[in-house]
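Descriptive analysis of the structure
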Amino acid sequence: MFEEASEVLENMLKWSFPLSLVLFLVLVCPLRAEAAHEFSVYRMQQYDLQGQTYGSRNAILNTEARSVEAEVLSRRCVMMRLADFSYEKYQKALRQSAGAVVIILPQNMSTMPQDIVQQFMELEPELLATETIVPVYFALEDEELLSIYMQTQVSSSSQGSSSAAEVLLHTATANGFQMVTSGAQSKAVSDWAITSLEGRLSGSGGEDLPTIVLVAHYDSFGVAPWLSYGADSNGSGVAILLELARLFSRLYSYKRTHAGYNLLFFLSGGGKFNYQGTKRWLEDNLDHTDSSLLQDNVAFVLCLDTLGNSDDLYLHVSKPPKEGSPQHALLKELETVVADQHPDLKFSMVHKKINLADDTLAWEHERFGIRRLPAFTLSHLESHRSPARHSIMDMRSVSSSLEGAGEATAGPHVDLAKLSRNTKVIAETLARVIYNLTEKGVDGDLEIFTEQMQVQEDQLASLVDWLTAQPRAAQLLDKDSSIVNTLEYHLSRYLKDVKRHLVRADKRDPEFVFYDQLKQTMNAYRVKPAIFDLLLAVCIASYLGVLYLAVQNFGLLYGFLRRVTAPRVKQH
């Protein structure tokens, strides 16, 4: 009887235990594929400039999500919303060797308070100031991602205020999220070409005519290349340059208004990377050719940078212009036009010497100043250190006199009415210089660009909307880019001899190096935490151990049970 009972029990354990174990695991563990959320993420800048490394040097991410409130962040993906972001929290994640940092941005930046946007803009240069091996990504908020963040935040915050037993129990039973990127590790992009464009309007009256050069860099910059739209910096400068090309091409098409100045228009690439396109263009024109307008009689170079807002206008110079020079004439005509035609505008000159000890130049005109060409930069920003010049918050235009007051915005933006006014100021000033109107006794309140020749605000609006419809970071714009092709088309409509200039980094000692994997797809999988697997393994091992001991010592167990359950005999 004992042997039969033992055999029956062994058979029961043999067939029922695997089935019960499978059912237990199916009920406890969630299915990964059904719990996944897929979304796009945009990696922080990664580049080398003049031998110095910047940004995030890693792109691979496969780790569990935590909010910054968690006690332990090591090897975890730290998630933060823009509203809760601070440099101290960011540094905390880096100090604890976080596996990654994901910063969640709102879909509509205009919903953010001005102080939060301004704070983040000021932090962007600090985030890029030194390199980090931690992958840093930015993501645009949606309902699923917000839900993941809220669940992660609740799970993380509950760990700091509970007892050790409660934390262990909560950790074992809570659901977590495993964040995984689909891309490969980042690597340097070889043979990348930065493209610049030039075109000209030739003057009349001789061969040795003075030349006025108008310059604007067309690329944008921010902490994440795929989020860098550059509406004001420098979409506004590009829009003004193209509108000036249209206006003066009409003036130069008539014999009586064809001035005795050559006008050279230059759209430079790599402006946000120490003006690499301008540097190579100057080298090509001054060192590697015998025939160039830049080698002859250059009256001045006027760089247009960040001109889409504000009631201030600053002329940045490296060397104050001498009286009687064409540069001085430009300064005086600017003062005249502002005073007589736009008294609401405040204009002043800012003098700053070129500091060659700095890693990067302050303004684009300094590239020309180094080559001893008289140059200025016109901007509504008083300082080159303004965070508005290098921010992902510099987004699409939201204010237009064509559409009423427009929607309020938290970050830098383009006010089309002020952009149009600044375009007219520059056009009127240039016209007074090239037609020498002051010496001819023409009053300063005479407006040349009116009626058929007026600045077209709808044209400017279309240009700004097109320029800000896609990111224009230099790493994203190769020589076959649609943006480069369209800019070339616009210049060809109004100018002659439009040509491209390419700059590639030297292979032995590159001045700049770009890296790939700047945009990836991230998956968030709902998973149990690692402690759950450990506890589950302990429970299963204990269960199997108890069963093993029961089988091996069935005789003792059976005898014990018989003694316990046997009826007691009454003694007389």
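Residues numbered from 1 in each chain as written. Predicted model: local features only at pLDDT ≥ 70, side-chain atom pairs only at ≥ 80, totals over all residues. Heavy atoms only, no water.

**Examining empty space enclosed by the protein**
- Counted under the stated rule, the structure contains two cavities of 30 Å³ or more.
- Here the second largest cavity defines a volume of roughly 40 Å³.
- Lining the second largest cavity are Ala-193, Ile-194, Thr-195, Tyr-218, Asp-219, Gly-269, Gly-270, Ala-474 and Leu-477.
- Among the residues forming the lining of the second largest cavity, the class breakdown is five nonpolar, three polar and one charged. (1 Å grid on protein atoms, 1.4 Å probe; cavity = no way out; pocket = protein on both sides within 12 Å on 5 of 7 lines; lining within 4 Å. Points joined across faces, edges and corners; volume = space filled by probe spheres on them. Nonpolar A, V, L, I, M, F, W, Y, C, P; charged D, E, K, R; others polar.)

**Quick notes on the sheet that holds strand β4 (residues 62-67)**
- Read around the closed barrel, the seven strands follow the order β1-β7-β6-β5-β4-β8-β18; overall the barrel is mixed. Here the strands of the sheet are splayed against their neighbours by 35° on average, with no regard to which way each runs.
- Looking at chain direction, strand β6 (residues 100-105) and strand β7 (residues 136-140) are connected through five bridges and run parallel. Paired with Leu-105 across the two strands is Leu-140, which belongs to β7.
- Docked against the sheet, helix α2 (residues 87-95) engages β5 (77-81), β6 and β7, running at close to 175° with respect to β5. (Pairing = 2+ DSSP bridges. Helix = DSSP H or I, 4+ residues; strand = E, 2+ residues; numbered from the N terminus. Axes fitted to C-alpha atoms, helices over the stretch in contact; angles between N-to-C directions. Contact = heavy atoms within 4.5 Å.)

**Quick notes on the packing of aromatic side chains**
- For the coordinates displayed, the defined rule picks out 14 aromatic pairs.
- With centroids separated by 5.7 Å and ring planes inclined at 70°, the aromatic side chains of Phe-85 and Phe-120 adopt a geometry described as edge-to-face. Remark: Phe-120 occurs in helix α3 (residues 114-129) and Phe-85 occurs in the loop between β5 and α2; sequence separation between them is 35 residues.
- An aromatic cluster of three or more residues is present, and its members are Tyr-47, Tyr-54, Phe-221, Phe-273, Phe-512 and Phe-514. (Phe/Tyr/Trp six-rings, centres within 6.5 Å; stacked < 30°, edge-to-face > 60°.)

**A few points about the UniProt feature "transmembrane region" (unreviewed entry) in the chain**
- When the UniProt feature table is mapped to this numbering, "transmembrane region" (unreviewed entry) covers residues 534-561.
- Note that residues 534-561 is 96% helix and 0% strand, and that its end C-alpha atoms are spaced 34 Å apart. (UniProt positions renumbered as here; feature names shortened; annotations may be inferred.)

**What about the side chain of Asp-219?**
- Mapped onto the fold, Asp-219 is located in the loop between β10 (211-217) and α6 (231-251).
- At 6.6 Å, Lys-272 is the nearest oppositely charged side chain to Asp-219, a buried residue that forms no salt bridge.
- Separated by 2.9 Å, the side chain of Asp-219 and the backbone nitrogen of Gly-271 make a polar contact.
- Within the local environment of Asp-219, its side chain forms a polar contact with the backbone nitrogen of Lys-272, the two atoms lying 3.0 Å apart.
- If we ignore the near neighbours within four places in the chain, the residues touching Asp-219 are Asn-234, Ser-268, Gly-269, Gly-270, Gly-271, Lys-272, Arg-472 and Ala-474. (Buried < 20%, exposed > 50% of the residue type's maximum accessible area, 1.4 Å probe, protein only. Lys, Arg positive; Asp, Glu negative; His and termini not counted. Salt bridge = Lys/Arg side-chain N within 4 Å of Asp/Glu carboxyl O. Polar contact = N/O pair within 3.5 Å; in protein donor to acceptor, adjacent residues only side chain to side chain.)

**Focus on the packing of helix α11 (residues 457-467) against helix α12 (residues 482-494)**
- Contact geometry of α11 with α12 gives a least axis separation of 12 Å together with a crossing angle of 160°. Between α11 and α12, the interaxial angle falls into the category roughly antiparallel. Touching Gln-459, Leu-463, Trp-466 and Leu-467 of α11 are Ile-483, Thr-486, Leu-487, His-490 and Tyr-494, all from α12.
- Of the residues that constitute the contact of α11 with α12, the class distribution is six nonpolar, three polar and no charged. (Parallel < 35°, antiparallel > 145°, perpendicular 65-115°, else oblique.)

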